[in-house]
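# Coordinate analysis (summary)
Below are the chains, spelled out letter by letter.
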Amino acid sequence: MKIVNDYIDHVFQPEDDVLEEVKRSITEHGMPEISVSPSAGKLLTMLVQMNGAEKVLEIGALGGYSGICLARGFGDRGELVSLELKESFAEVARENLKKAGFGSQVSYLTGPALEGMETLQAREERFDFFFIDADKGNYANYLEGCLPIAKSGAIIVADNVLARGSVADESVEPKSYTEDMRKFNQLVADHPELESILIPIGDGLTVSRVKKR
Ligand SMILES: C[S@@+](CC[C@H](N)C(=O)[O-])C[C@H]1O[C@@H](n2cnc3c(N)ncnc32)[C@H](O)[C@@H]1O
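All of the points below concern the structure found in this document. Source: prediction; values computed, not measured.

### Here's the deal with the nonpolar core
- The biggest cluster of nonpolar side chains holds 37 residues, and the ones touching the most others in it are Val56, Leu70, Leu97, Phe129 and Val157.
- Broken down by secondary-structure element, the contributors of at least two residues to this core are α2 (17-28), α3 (38-51), α4 (65-74), α5 (87-99), β3 (106-110), β4 (127-132), β5 (150-159) and β7 (205-210).
- Leave out the neighbours within four places in its chain, and leucine 97 touches Gly64, Gly67, Ile68, Ala71, Leu80, Phe102, Gly103, Val106 and Tyr108.
- Counting residues in each nonpolar core, the second largest holds 31 residues, with Val81, Leu143, Cys146 and Val167 among its members.

The structure is reproduced here in structure tokens:
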């Protein structure tokens with residue numbers, strides 16, 4: 001997986017100075033270096049763009065790398081809401097989104113994401129794009145939490161669904177989240193309200209479209 005991903009990153013060169021600076025800030029703040037891969041970030045930008053999404057919900061902000069990639073997809077005519085457990089991480093992300101030119105288009109709800117999703121549902125907010133990238137044990141709950149606040153035709157993307165290949169390749173040492181991801185992938189594949197596929201970029205992304213209802 002790594003060789004193929006390095007090749008894609010090398011040929012398509014999806015990372016620029018702004019995103020490199022985000023990574024530096026993550027290191028300087030002693031935060032975990034677990035942002036999406038450059039190519040996965042580029043794919044997020046393109047998916048938001050292609051879907052014409054203007055209201056995007058991110059679950060798991062870290063330092064704002066994927067947030068910038070999502071915001072680049074809607075440019076100056078959209079809004080990103082991001083759910084992040086840690087206030088200190090949300091502060092770093094907020095600062096990085098501001099530097100990238102999206103300061104007035106992003107808001108952070110801090111605390112457990114499931115609570116944040118309940119708040120959004122109570123406010124009757126609706127989204128046309130979701131990116132799930134927080135604690136893996138809750139992916140199924142996040143998916144179910146997205147559906148009541150999704151517009152018809154919305155896109156739901158989830159990261160790390162290949163668990164470094166261990167979901168499919170028994171020769172790869174299992175990760176702590178391998179079994180969670182196997183169950184999540186099956187849930188997404190069989191879900192009656194979704195049409196889905198898995199794209200093996202980065203650590204693997206499921207891309208689902210909420211069927212018309
Ligand atoms: C993999 S990182 C997100 C990376 C980010 N999407 C990016 O690519 O730039 C996971 C993030 O989810 C956050 N997180 C973990 N558990 C959470 C929870 N229960 N609710 C909200 N955020 C959570 C972590 O603090 C961390 O910032």
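### Some thoughts on the site of the ligand
- Of all residues adjacent to the ligand, which total 19 residues, the nearest are Val36, Gly60, Ser66, Glu84 and Asp133.
- The contact in question runs from an oxygen atom of the ligand to an N or O atom on the side chain of glutamate 84, over 2.6 Å.
- A distance of 2.8 Å separates a nitrogen atom of the ligand from a polar atom in the side chain of aspartate 133.
- A total of 610 Å² of accessible area belongs to the ligand in isolation, and the protein chains cover 89% of it.
- The site holding the ligand turns out to be the largest pocket.
- Across the shell around the ligand, the residue classes tally to twelve nonpolar, four polar and three charged.

### Thoughts on a nonpolar patch on the surface
- Nonpolar side chains collect at one region of the surface, where Tyr7, Val11 and Phe12 lie side by side and expose about 350 Å² of accessible area between them.
- Mapped onto the fold, phenylalanine 12 is located in helix α1 (residues 2-12).

### Some points on the packing of α3 against α4
- Closest axis-to-axis distance for the α3/α4 pair is 7 Å, and the angle between their directions is 30°. By the angle between their directions, the pair α3 and α4 is classed as roughly parallel. Relative to α4, the crossing made by α3 is right-handed. Along its contact with α3, which presents Pro38, Gly41, Leu44, Thr45, Val48 and Gln49, the element α4 presents Tyr65, Ser66, Cys69, Leu70, Arg72, Gly73 and Phe74.
- In terms of residue class, the contact of α3 with α4 is built from seven nonpolar, five polar and one charged.

### Describing the environment of alanine 158
- Take alanine 158: it is sitting in strand β5.
- Considering only alpha carbons, one finds alanine 158 and isoleucine 132, 26 residues apart in sequence, at a separation of 4.6 Å.
- Residues contacting alanine 158, with those up to four places away along its chain left out, are Ile132, Tyr139, Phe184, Gly204, Leu205 and Thr206.

Scoring rules and cut-offs
Residues numbered from 1 in each chain as written. Predicted model: local features only at pLDDT ≥ 70, side-chain atom pairs only at ≥ 80, totals over all residues. Heavy atoms only, no water. Core = buried A, V, L, I, M, F, W, Y, C linked by side-chain atoms within 4.5 Å. Buried < 20%, exposed > 50% of the residue type's maximum accessible area, 1.4 Å probe, protein only. Helix = DSSP H or I, 4+ residues; strand = E, 2+ residues; numbered from the N terminus. Contact = heavy atoms within 4.5 Å. Near = heavy atom within 4 Å. Polar contact = N/O pair within 3.5 Å; in protein donor to acceptor, adjacent residues only side chain to side chain. Areas by Shrake-Rupley, 256 points an atom, 1.4 Å probe, with all protein chains shown as cover. 1 Å grid on protein atoms, 1.4 Å probe; cavity = no way out; pocket = protein on both sides within 12 Å on 5 of 7 lines; lining within 4 Å. Sits in = over half its atoms within 2 Å of the grid points. Nonpolar A, V, L, I, M, F, W, Y, C, P; charged D, E, K, R; others polar. Patch = residues over 30% accessible without salt bridge, like charges linked within 9 Å, V, L, I, M, F, W, Y side chains within 5 Å. Salt bridge = Lys/Arg side-chain N within 4 Å of Asp/Glu carboxyl O. Axes fitted to C-alpha atoms, helices over the stretch in contact; angles between N-to-C directions. Parallel < 35°, antiparallel > 145°, perpendicular 65-115°, else oblique. Left-handed = near helix turned anticlockwise from the far one by under 90°.

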